[in-house]
Every structure is written in C-alpha cells, then in structure tokens.
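# Fold and contact review
As a plain string of letters, each chain reads:
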Amino acid sequence: MKKIYTLVFLFILASTGLFAQKEAYTWAFGYRAGLDFNNLRTTSFQATRLHPSTGTAYISNLPSAITTAITTYEGCFSLSDATTGQLMFYSDGQTIFKADGSVMTNGDNLIGHVSSTQSGVLMPFPGNPNKYIVLSIGLIDASTRVVYSVIDMSDGTGKVLNKSPFLKNTPLTGHRGDLGESVNVIQHGNKKDFWIVAPGSGTNSALNAWLVTKDGIQASSPVVTPFSASQVASDNTYFKFSPDGKHFVWCNNLSLNPFWFGDFDKNTGEFSNIQMGNAYFSEGALGGTYSAEFSQSGKYLYVSTGSTINAYNYVSLAANPSGYSPALYAMTGGDTDSETKNSLAVGSLQLGPDGYIYGTYYDRFKSPSHDLGNLTIGSRRYMILITNPENPMNLNIYRLDDFLNAGTGGHVGITSFSPSWFSLEIDGETSFCTDAVSTTIKSYSINLAGTATSKPTKLQWYFDYDNYPTSYTEQTVSSTDMTLSKNASFAPVTTVTTRKIVVKAFNGSTELTDLEQSLTVTLYPAASVSAANQSVSSGSTATLTATASAGATISWYSAATGGTLLGTGATYTTGAITTETSFYVEAANPACSSGRQEVKVTISISAPTIDVSDPVAICAGSTATLTATVSAGANAYWFLTPTGGSPVMTGTSVTTPALDYTTMYYVEAQNSGNIPSERKAVKVTVNPCTLAVNPNIHLIN
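Model, not experiment: these values are computed from the prediction.

We now examine the overall build of the protein. Helices and strands together make up the secondary structure of the protein, namely two helices and 58 strands. Classification of the 701 residues of the protein by burial places 52% in the buried group. Put simply, of all contacts in the protein between residues at least 6 apart along the chain, 61% involve residues at least 24 apart. When the accessible area of the protein is evaluated, it comes to approximately 29300 Å², of which 48% is carbon and sulfur surface.

This is the structure:
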C-alpha cells in the first residue's frame, strides 16, 4: 500500500502434523512490539467495550506483551518453535532477526519493497527439515516478480543461503498480469506440498499459483487462472485463505471498497467461482478494503475498511454477493494526540491461537513520515479484540488500551499467519487396511487450543456415526490438556468400507455446534492373493489366474523384488515357455500390499506308451525272454505286482530267471520325467515237459 512505508511478510508452516504446534505463539510487529501466547497475563485485562455496549470488561488469559527489535509500519513475520512456542526468528521485511534481536547471517537486503502490503511469505521447504523458503514481492508493476530465498536453521541460529542451488532473491516467472503487493502460501491437498499464490492485475488479470515440492519451486510454470478484474488498481492489499484452504479473499484499497473472493482447488492450484464483494464504511473511514480474516470454522469472513469492520456469512455472501449486506461495526474514537477526532482506524486482522481475532488500531491521520517516532504514545499501544468471531451478528468487540509494552507500539500491520495453525480438525489416518483376523487400533486426536470463549468441558467421540449415531465415548476437557486423543477399534472388513468419525463438543449440557468436526475413514480388507502353478508342454504359453481380496489391484512381476511389471489384472498370459519359469503376483489396495507370491510354470511331459505280447510257453526250469515296445525316450521296468513294489528287471528285452511254474510279470514304461505308463501284464506259461525217447537207447531188464 503506497501510503505506508513497510514490508509485509506472511508465513505458513502447514504439514501432516498440524496439531499442538506452536509456531504462531509469539508475534513481532509495529515498533518493537510483540505478543507472547506462551505466557498469558496473570490478571484479567481491563478492556473498553466497543460492541455490543459501552463501559469496561475484564478479559482473562490474554497474551503478555514483549519487546522486540522490529520496526515496521505494516507487515512482519515471526516463527516460533513448534513444540515450545519460543520465538526462533522474525523480520520487518528487510532484515531477519534472531530471537535475541541480532541479525541473522546473510539476513539483510531482502528485496521486498517497504510500501508493499504483503511483500513475502515464509513457508517450510517440503522434505527438507530445518529449511524455510522466504518469498518477497514489491510494488505492483509490470516488472515486479515474486522472488525466493532459503533459510537454513540446522545450526539452531539460522542463516540465509546464497550459494547454488539456493541463491537469494531468485525470481519466479511465467505469471499473467502485473504482480505486486499481494502474495500468500497454502498447503497442497496432499498435505506434503504447497502452493505460492500471487494475483496479477491489469488487462491480463489472473491468479497465479506455483507448486512447491521437496524438489523445490516450479519457478517457471505456474497454474494460471484468468479472471476479469477491471477495477483492480495499484493499491492491492491482503490476500488470505480460509482455514481449510478452500476459499480465498483478496482486498483492494479503492474508493469503491471491493474485494474478490472465491474457491481454490488445493490439488490442482486452480481458482473458480471468482466474484466481487462490496464492503461498507462509516464516516471518516479509509476508502477501501485493507485486511480480511476468516473465523476458525471458516463460516464467517471479516473485512476491515479503516474505521469499520464488515462481518459476512461466507455461504450467504457467495450465494448473492451483489445483494448481500454485511453486519457493520464502526470503530470510532481518538486520543489527545490525534489531529482529528474519530481518527483511529483498524488495520490488519489476524486470528490468534486462542480463537480470538486481533487487530491493530492506529491513528490514520498521522503520516508515517512523522509518526514512527511517536509509536509509543496514545493509540500506538491500542489493539482491537473480537472474542466471539463465530457469532458475527452479535460480536463482542473490545479496545485494549495500553496493551503493548511501554516504549513499543503498533501501526497498521500485525504478524500474519496461515490459518493452518488455527484449524480445528481431527487428526489421524484416513485410509488403512484392517487386520485379516484381529481388531485394528488407530489413534485420533483433536487440538482445542483455539476455541475462545466457547471452550468445551467435554467431548463425545463417535467412531461409526452413520451406523451408530448414538454410540460414543465421552472425554473430559481440562484447561491444560488442549490436545486430546482417543483410540478407535476397527474390526476386520471383507470389502472396502467407510466409517465417519465425529467429535461433538459440549460446555456442560450445551452442545457447541460450531466446534463439531468429522473425518471420513476408508477401511480396506487385508490385501491377499492366491494363484495356482501351471504345467504346459514345451514351447506353449500359460495363462495364469489369481484371486485377490476386495478392492485390490493384481499385478504380475518377473522377480520376487524389483524386476519388471509384466501386467495387471486377474489373468496374465506368458510368452512361450521352454523351461521351468517363476512368475510373481501381488495384490495391493491404496492402503497395503499382500507381498509377492511365486507362481511356477513347469514343462509337462506326456506319459509314455508300452506294448507287449506274451512269450511262447516254456518248460519248467527254463528261462523266458520278455520284450516290450516303448515310446521314444522311455524305458521298460518289470515288476511282479500290478501296482507298487520295486522293479525286478529293466529294459525292453529281458531274460527271466529259470522258472518252475507259470509266472505273471507286469511292465511299465517311464520317461525322463519319471512319468509312468500304465502297467501291462505279461504271462509266462511254464509246462512240465517230458524228455524225448532216443530210439538207440534200450532198456535192459
């Protein structure tokens, strides 16, 4: 925003574990000001009521004030440790400061412009622990680019890298429209990657989204969504997302007070249903929308226009943007140092980890050129507080006088964070296989650190809400245990099955419907597969068939691990088989795998043939020659029994021992595969032969 000489940085650190994280627990903004949500004030703070009535109120558990090294009119960022909430580093947009206020190594000369409303974003580097990506942007202009730098925190103190492949202030390209003033980051639908979003203005207006993965930023190929925004001028301001990342709002500092809003697809990076909304302001207010913020549930949107806060039901606004009338709340008042009465104006709005919306409250008639030195007086230590943003028609709005430390003060900007930290969601696995026999146990948790005045006293956990809407497990909520978890039991399933997990919150017997959350879980049967071995004649193909558990995809491989994917589906036809070959089949669903099972294809050998005939009869005491005719490659084996036993002779022509009586032999053929033919009986007939009489021999009495 050209009226303000500062640099705005936003940041996001969304990941698969979004719960009980405290990255947003310490804020640094304005002139050396800051807030600490780790250390709450020990006594209730006396606040001035602005709505719904006048007077004073005492509010407990507000963050304590701290003093920082920052000096900025508008934007700033800070990052706290995810576990402890202790400050790690922060920035006024030109210099990155360590927690002790000293300058981070190579942390100066960031190229964001001092008059850019949102000159940058700080985000994690996916898949690169301890690294963060800083994005910067200047004033709106045809030559303006989003540039990025990388912070390495692996040494605990941090440094900005400036060696290949991470050069400081590397530009992103490929966008449409004139960039400037507005930029943000939102988590990808896969909960691993991110999108960098920068709107482009002018005749080629568009919303540009660059994908960020563990391999870096796709710096030259953004997803571009064109839209008509003829009223977008050079005073672009905040671009923000709803807590679930499905909606956006883009403010613009024009006298017509417009802002743009619509839907965002976190999986594709595309925007849709882009519409223009109107904001209204009270007398003396700045002529345009400046900042916006969603409530924790995402149902309600708040837009600041200087001395007025506009409150919207988002669904109603999207259904009828031109005819929708927001609830208006005028922020009027001045102090002894104001040049004009009613000069106090609301600047940035930001959802806190306690579920309240905080806003800066500054004297808009004191220009930055002569006001920075006076940040410690009067309104400079004021802030605005909304304690029930889930009830826009009856807000509780307070002015916090002298809320910041003496010697410090706020101005237009406040530390901005992604809504990811403040989302109330059920955390746990959403897709897995059940055990084939035993019950599967999974743990689910929910973080309640942002439930504001509607803090629940108990939760009801429903682990199969669609089928058993009255069956729940109750859990008590304590003031110190804001991250709660429960184990869920899942019996084995034989088909792909969904379960709806619901958490309902209660304060006493009153259900807090705005805090109700649900999560759909997909259960898969334990993956299994079976397939029979086959035998084929040499040179033939084999068609292998497998059966698998429901919902599984069958894949065929050439090896037990690795190897080549040969095909998918219940059947697979091999090439010509000449030797025994092993194939491997696997069944897998989106959640688990059966592992690979071996399937053998062997070469089948046909049973041999045999032909025999009975020999001529022999005399007792003689031998017999037995002959069998067998198929090629086979041999004959002779037995004394029709089945079983051991062969007594081997060969196609054998001679029996001398036989004294008729004997039955049984012969079979066997080939190289030890495949036998049927046995055939061979009968050797033995006769008691009489000696022939020699006529030359005479008996003598």
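Further remarks concern the sheet that holds strand 21 (residues 247-252). Strand order in the open sheet made by the four strands is 20-21-22-23, with antiparallel pairing throughout. Edge positions in the sheet fall to strand 20 (236-241) and strand 23 (271-278), since each has one partner strand and no second. Neighbour-to-neighbour, the strand axes of the sheet open up by a mean angle of 20 degrees, direction not taken into account. For strand 22 (residues 258-264) and strand 23, the ladder comprises six bridges, and the chain directions are antiparallel. Counted as the bridge partner of Trp 260 is Met 276 from strand 23.

Here the structure, examined in full by the defined rule, presents 30 aromatic pairs. With a centroid separation of 5.5 Å and 25 degrees between ring planes, the pair formed by Tyr 90 and Phe 97 is classed as stacked. The burial state of Tyr 90 is the same as that of Phe 97; both residues are buried. The ring of Tyr 382 carries the charged tip of Arg 399 above its face, separated from the ring centre by 4.8 Å. Directly above the ring of Phe 432 sits Lys 442, whose terminal nitrogen or CZ lies 4.9 Å from the centroid.

What follows is about the state of the cysteines. Here the structure, examined in full by the defined rule, presents two disulfides. The side chain of Cys 433 participates in a disulfide bridge whose partner is Cys 592; the two sulfur atoms lie 1.8 Å from each other. What sets the handedness of the Cys 433 and Cys 592 disulfide is the S-S torsion sign, and at about -85 degrees it is left-handed. Here Cys 592 lies in the loop between strand 48 (581-588) and strand 49 (597-603) and Cys 433 lies in strand 34 (residues 431-433), a separation of 159 residues in the sequence. For Cys 433, a relative accessible area of 16% corresponds to the buried category. At a sulfur-sulfur separation of 1.7 Å, the disulfide partner of Cys 619 is Cys 689. Residues Cys 619 and Cys 689 are joined through a disulfide that is left-handed, its torsion about the S-S bond being -80 degrees. Of this pair, Cys 619 sits in strand 51 (residues 618-619) while Cys 689 sits in the segment after strand 58 (686-687), and the two are 70 residues apart along the sequence. Given the relative accessible area of 29%, Cys 619 is considered partly exposed. Each bonded cysteine in the protein gets a number by its place in the sequence, and the pairs come out as 1-2, 3-4.

Here the focus is unusual backbone geometry. Peptide bonds are mostly trans, and most non-glycine residues show a negative phi. Here the residue pair His 51 and Pro 52 is connected by a cis peptide bond, since its omega of 10 degrees sits within 30 degrees of zero. Mapped onto the elements, Pro 52 comes out in the loop between strand 4 (45-51) and strand 5 (56-59). A positive phi angle is found at Asn 106, which is not glycine, with a value near 60 degrees. Here Asn 106 lies in the loop between strand 9 (96-98) and strand 10 (115-124). Among the residues examined, Asn 106 registers a relative accessible area of 27% and is labelled partly exposed. The backbone phi angle of Asp 402 is positive, close to 50 degrees, even though this residue is not glycine.

Now for the pairing of strand 21. The buried count for strand 21 comes to five of six residues, which makes it a mostly enclosed element. Across four bridges, the pairing between strand 20 and strand 21 is antiparallel. Paired with Lys 240 across the bridge in strand 21 is Val 249. The antiparallel hairpin formed by strand 20 and strand 21 contains five residues in its connecting segment, where Gly 245 sits at a positive phi of about 75 degrees. Where strand 21 lies against strand 22, five bridges are found, and the strand directions are antiparallel. Within strand 22, the position partnered with Trp 250 by the bridge is Trp 260.

Counting 28 residues, the largest nonpolar core has Phe 29, Leu 62, Tyr 358, Met 383 and Leu 400 as its most contacted members. Every element with two or more residues in this core is listed here: strand 2 (26-29), strand 3 (31-40), strand 4, strand 5, strand 8 (87-91), strand 30 (383-386) and strand 31 (397-400). Sequence-distant contacts of Phe 29, that is, excluding residues within four places in its chain, are made with Gly 34, Leu 35, Ile 70, Thr 72, Cys 76, Met 383, Leu 404, Gly 409, Gly 410, Gly 413, Ile 414 and Thr 415.

Moving on to the environment of Glu 23. For Glu 23, the position within the fold is in the loop between strand 1 (6-11) and strand 2. The class for Glu 23 is buried, based on a relative accessible area of 1%. In sequence terms Glu 23 and Gly 85 are 62 residues apart; their C-alpha atoms lie 5.9 Å from each other.

Once that is clear, we can look at the pairing of strand 30. Residues Met 383 and Leu 385 of strand 30 are buried on one face, and the alternating residues Ile 384 and Ile 386, pointing to the opposite face, are buried as well. Note: strand 30 against strand 31, four bridges, orientation antiparallel. Of the residues in strand 31, the one forming a bridge with Leu 385 is Tyr 398.

The next point concerns the sheet that holds strand 47 (residues 571-573). The strand order across the open sheet formed by three strands is 42-44-47, and the pairing between neighbours is antiparallel. Two strands in the sheet have a free side with no partner beyond their single neighbour: strand 42 (529-531) and strand 47. Strand-to-strand twist in this sheet, taken as the mean axis angle between neighbours without regard to direction, amounts to 25 degrees. Where strand 42 meets strand 44 (residues 543-548), three bridges bridge the pair, whose relative direction is antiparallel. Bridge assignment links Ala 531 to a residue of strand 44, and that residue is Ala 546.

The next thing to look at is the pattern of salt bridges. In the structure shown here, the tally under the stated rule is eight salt bridges. Across the pair Lys 214 and Asp 215 runs a salt bridge, and its minimum N-O distance is 3.4 Å. As far as burial versus exposure is concerned, Lys 214 and Asp 215 are alike and both exposed. Here Lys 600 ties to Glu 580 by a salt bridge, and the two come within 4.0 Å at their closest N and O atoms. Placement of Lys 600 in strand 49 and of Glu 580 in the loop between strand 47 and strand 48 is noted, with a sequence separation of 20 residues between them.

This part covers the environment of Pro 222. Relative to the elements of secondary structure, Pro 222 occurs in the loop between strand 18 (216-217) and strand 19 (223-226). For the pair formed by Pro 222 and Asn 208, sequence separation is 14 residues and the distance between their alpha carbons is 5.9 Å. Setting aside its immediate chain neighbours within four residues, Pro 222 contacts Thr 173, Gly 174, His 175, Asn 208, Ala 209 and Trp 210.

With that out of the way, let us pick up the environment of His 175. By secondary structure assignment, the location of His 175 is in the loop between strand 14 (170-171) and strand 15 (184-187). Look at His 175 and you get buried, because its relative accessible area is 18%. Between the alpha carbons of His 175 and Leu 207 there is a distance of 8.4 Å; along the sequence they are 32 residues apart. Leaving out residues up to four positions away in the same chain, His 175 has contacts with Thr 144, Arg 145, Asn 208, Trp 210 and Pro 222.

Conventions used here
Residues numbered from 1 in each chain as written. Predicted model: local features only at pLDDT ≥ 70, side-chain atom pairs only at ≥ 80, totals over all residues. Heavy atoms only, no water. Helix = DSSP H or I, 4+ residues; strand = E, 2+ residues; numbered from the N terminus. Buried < 20%, exposed > 50% of the residue type's maximum accessible area, 1.4 Å probe, protein only. Contact = heavy atoms within 4.5 Å. Areas by Shrake-Rupley, 256 points an atom, 1.4 Å probe, with all protein chains shown as cover. Pairing = 2+ DSSP bridges. Axes fitted to C-alpha atoms, helices over the stretch in contact; angles between N-to-C directions. Phe/Tyr/Trp six-rings, centres within 6.5 Å; stacked < 30°, edge-to-face > 60°. Lys NZ or Arg CZ within 6 Å of the ring centre and 35° of its normal. Disulfide = S-S within 2.5 Å. Core = buried A, V, L, I, M, F, W, Y, C linked by side-chain atoms within 4.5 Å. Salt bridge = Lys/Arg side-chain N within 4 Å of Asp/Glu carboxyl O.

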